[in-house]
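Coordinate analysis (summary)
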Amino acid sequence: MEHHAVDNALRWIVLVPLIGAAVNGLLVRVMPRRLAGLIGCGTVAISFALSVKVFLRLVEMDPAHRLVEDTIATWLTFGRLQIDIGFAMDPLNAVMALVVTGVGFLIHVYSLGYMAHDAGFNRFFAYLNLFIFSMLTLVLGENLVMLFVGWEGVGLCSYLLISFWFNDEANAAAGKKAFIVNRIGDFGFLLGMFVIGTTMLPHMGAGEGLFSFSVLAEHAGLLAPIATLAGLLLFVGATGKSAQIPLYIWLPDAMAGPTPVSALIHAATMVTAGVYMIARLNYLFIQSETAMLVIAIVGGVTALYAATIALTQNDIKKVLAYSTVSQLGYMMLACGVGAFAMGIFHLMTHAFFKALLFLGSGSVIHAMSNEQDMRKMGGLRKKLPITWWTFLIGTLALAGVFPFAGFFSKDEILWNAWSQGGVGLWVLGFLGAGLTAFYMMRLVSLTFFGSNRASDEVKHHIHESPLTMTLPLVVLAVLSLAGGWVGIPHFMGGANHFGTWLEPVFAHEIVVDAVPHAEVVAHAVADDEHHGAVDHATDHGADHAAEVRMEWTLASASLVWALLGLGLGTLVYTKRTGIATAAHRFAGGIPHRILKNKYYVDELYEAAIIRPAHAVSDRFLFKTVDVGLIDGLLVSGSYTLVAIVSALVRLLQNGMIRFYAWAFASGVAAFIIYLTLSG
Amino acid sequence: MAIGLTHYLVLAGAMFLTGTIGVLVRRNSLIMFMSIEIMLCAVNIVFAASSRALGDLSGHVFVMMNFAVAAAEAAIGLAILVEIYRQRRSVNVDDLTTLME
């Protein structure tokens, strides 16, 4: 075993928000609001500062061995199975921890303003801190079991925060839906873990944590026979958490929660957990072409599919929700074609601009007296100047306009889809990108341009949000603008610091122990495939030049395409509104109705899964099994049996002493006779 | 003819049978009670005779213990009977069927 750097700061990164959650949660009724807010934001700020500290330590280390560990205790030991409670930070964990604590802190500050008048202020901050704790357990846990603990923890917090205003039954139902749909995914995740565990167990030595990521990476070759099965099962978990087809349906409903929650959990951090998990276990996934292909296709299709639904939604948060589903699809697509680093890059930039967009929409909703329907907005550009400018930056970043953050990450994903995945995947992503630009401009036009369509009373109340809300917007806007510059690709003359930083995590040599003493070294696919992370200086000159030309072509094409989408969106929803009306009526209005009703997927699930399940539960499980078998046969049957037997036995117990004496004497006599005869 | 173990066993058997028949056929609980005492005496005789015949003192020990038990039992049993008579004005066992319910 190599000796790694140890840093006890890691545990405090995770535990400090838990302490905040405990204090705010236990003293929820007596805590003054200001103090609760201070604790809520302060604990996350401490986590962020500690993350930066450990990150800086990583930066100074040898690039190939950047890893800091902090093992608290052995959780359980059972034969060869050992699981530790411990945290680790390598370049990938570092990116995740910084995004979670950094963006998380900004959203905490924003919540101070957004939730200022809410009765559940203290409870809200307790939940938020609990979420940050769970999310940090997820991204810093040094083994798969810790990751799973965090995975379930964020699921719980998501449920609590979606149904935060639980007095409204729709919110409670949305929380329940998110929880149940996630459980379906988690079931796959668990099965995947079991498959990995049973495969690895016979090969474990003493003191080796079975699910530890470093151990898994070291013995990745052992996973080859089960890579497809385990990969697909884990991916089921990822489709649940990261809202991919077919389990994405909970995310749009999750918008029932307060807007900071949508920004923090359902855009920037939690929903990216699936992408993180796949990137973390990249050495497992790249051993199965099937699993990678499934991930790429599901990601690509989700990216386009969700973008089409976003075109027709009227609720400002629903548009952003489908946009999130779509962007998560891009990240999955990147992972599926082996460009894990670019998936994580997009995860980071998306965290910046989507958190910005959600917080911006929250600012709009706040100003419009909790109105979320864009048809009743408009003309807010002048009245909410800070919100407007930051929102515009977020939109440009999401649409992928140079030089905003989204351009670099999305473009790298599209390039990798083209060069590693094939034209089909690229087309899915490319079409989705254009639609993204279009629906975002539709949102911006309906919200900020034109004249205000709200009632006079609402109009009267419109005001720019307080400083606690606008300040995070400005910071996130700066990050949305400049956040992509850390990953300027090589063909543009950049150094792609981001890809280089993550490279050691994804460049594995997988040792396949097919036969003992005859080790075959297989180079990981990722080593050659993710272009963005690997220096191509060694490539042959001519090929290289052709590749660079192709990259330029694709990048320019997607830029033009995005600008086209933006322009068209502005035109259709400000000047030429007739086009939109015509589009709604196109082909008898059927396409519009299908999109507007989200392809009737909820209805399909209702008819295909929920209603049959209800019917089976009601008719078979309830009326046959429970009422008939359990209540009828077992419960009533057993007391009927006791009643019959007692009635018979009661005849013997008649209270006549002489009867007893006779019975007794005859018994003794019979016994003696028996003994004598059998003698 | 010397008196041997057999004679004692026959006597004890006859007494035990008498006591058993008494318990089975009489209805007066006092008489039944006395019959049980006769059965107990029969057993004591078997103990004492066997002890003597086998040259083992433990039979005598049992007889002594049986006396003590019989005395205690008689005291408690008679007290119960007196109390039953006070309550019911009868000691006929066929009337005492309260436990049936």
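Parameters and conventions
Residues numbered from 1 in each chain as written. Chains lettered and ligands numbered in written order. Predicted model: local features only at pLDDT ≥ 70, side-chain atom pairs only at ≥ 80, totals over all residues. Helix = DSSP H or I, 4+ residues; strand = E, 2+ residues; numbered from the N terminus. Rg over C-alpha atoms; globule rule 2.2 N^0.38 Å. Buried ≥ 20, exposed ≤ 12 C-beta atoms within 10 Å, placed from the backbone. Contact = placed C-beta atoms within 7 Å. Pairing = 2+ DSSP bridges. Core = buried A, V, L, I, M, F, W, Y, C linked by C-beta atoms within 7 Å. pLDDT = per-residue confidence, 0-100. Expected span 1.5 Å × (residues − 1).

What follows concerns the overall build of chain B. Scanning chain B from N- to C-terminus turns up 3 helices and 0 strands. Along chain B, from the amino end to the carboxyl end, the secondary structure elements read α-α-α. For chain B, the C-alpha radius of gyration of 17 Å lies well beyond 13 Å, the compact-globule estimate for 101 residues. Its C-alpha atoms give chain B principal-axis dimensions of roughly 50 × 25 × 25 Å. The proportion of buried residues among the 101 residues of chain B is 12%. Look at the contacts in chain B between residues 6 or more apart in sequence, and 46% of them connect residues 24 or more apart.

A few words on the pairing of strand S3 (residues 81–89) of chain A. Residues and elements named next belong to chain A. Two strands pair when backbone bridges link them, and strand S2 (residues 68–78) and S3 are joined in this way by 9 bridges, in the antiparallel orientation. The residue of S3 that forms the bridge with Val 68 is Met 89. Following S2, the chain reverses through 2 residues before pairing antiparallel with S3; Gly 79 in that reversal takes a positive phi of roughly 60°.

Bridge count between strand S1 (residues 5–6) of chain A and S2 of chain A: 2 bridges; the pairing is parallel. By the bridge assignment, Val 6 of chain A is partnered in S2 of chain A with Glu 69 of chain A.

Grouped together as the largest cluster of nonpolar side chains are 205 residues, with contacts concentrated most on Phe 131, Leu 136, Leu 140, Leu 333, Ile 344, Phe 352 and Ala 355 of chain A. Element by element, the count of residues in this core is highest for helix H15 (residues 340–367) of chain A, at 17 residues. In this structure, Leu 333 of chain A is in contact with Ala 296, Gly 299, Gly 300, Ala 303, Ile 413, Ala 417, Leu 425 and Gly 429 of chain A, ignoring residues within four places of it in sequence. Counting residues in hydrophobic clusters, the runner-up holds 5 residues, among them Ala 12, Val 46, Phe 47 and Ala 49 of chain B.

With that settled, consider the confidence of the model for chain B. All names here are of chain B. For chain B, per-residue confidence averages 88 on the pLDDT scale, and residues scoring 70 or more make up 94% of the total. Taking the mean pLDDT of every element in chain B, the minimum, 90, falls on helix H3 (residues 58–88) and the maximum, 92, on helix H1 (residues 5–25). In the model output, the complex is listed with pTM 0.79 alongside ipTM 0.74.

Residue and element names in this part refer to chain B. Tracing the sequence through the fold places Ala 12 in helix H1. The class of Ala 12 is buried, set by 21 C-beta atoms lying within 10 Å. Sequence separation of Ala 12 and Ile 38 is 26 residues, and the distance between their C-alpha atoms is 9.6 Å.

Taken in spatial order, the 3 strands of this open sheet run S1-S2-S3 (chain A), and their pairing is mixed. Edge positions in the open sheet fall to S1 and S3 of chain A, since each of these has one partner strand only.

Once that is clear, we can look at helix H20 (residues 467–482) of chain A. Residue and element names in this part refer to chain A. Between its first and last C-alpha atoms H20 spans 22 Å; for 16 residues at 1.5 Å apiece the expected length is 22 Å, and the two agree. Among all positions of H20, only Met 469, Thr 470, Pro 472, Leu 473, Leu 476, Ala 477, Leu 479 and Ser 480 are buried. Where H20 is buried, its residues meet helix H3 (91–114), H15, helix H16 (385–399) and helix H17 (405–421).

Now for unusual backbone geometry. Residue and element names in this part refer to chain A. With omega at 5°, the peptide bond leading from Ile 245 into Pro 246 counts as cis. Its location among the elements puts Pro 246 in the loop between helix H8 (227–241) and helix H9 (250–253). Each neighbour pair has its own omega, and for Phe 402 with Pro 403 the value is 0°, a cis peptide bond. As for its position among the elements, Pro 403 is in the loop between H16 and H17.

On to the confidence of the model for chain A. The predicted model of chain A has a mean per-residue pLDDT of 87, with 95% of residues at 70 or higher. Across chain A, the secondary-structure element scoring lowest on mean pLDDT is strand S5 (residues 518–523) of chain A, at 39, and the one scoring highest is helix H4 (residues 121–140) of chain A, at 95.

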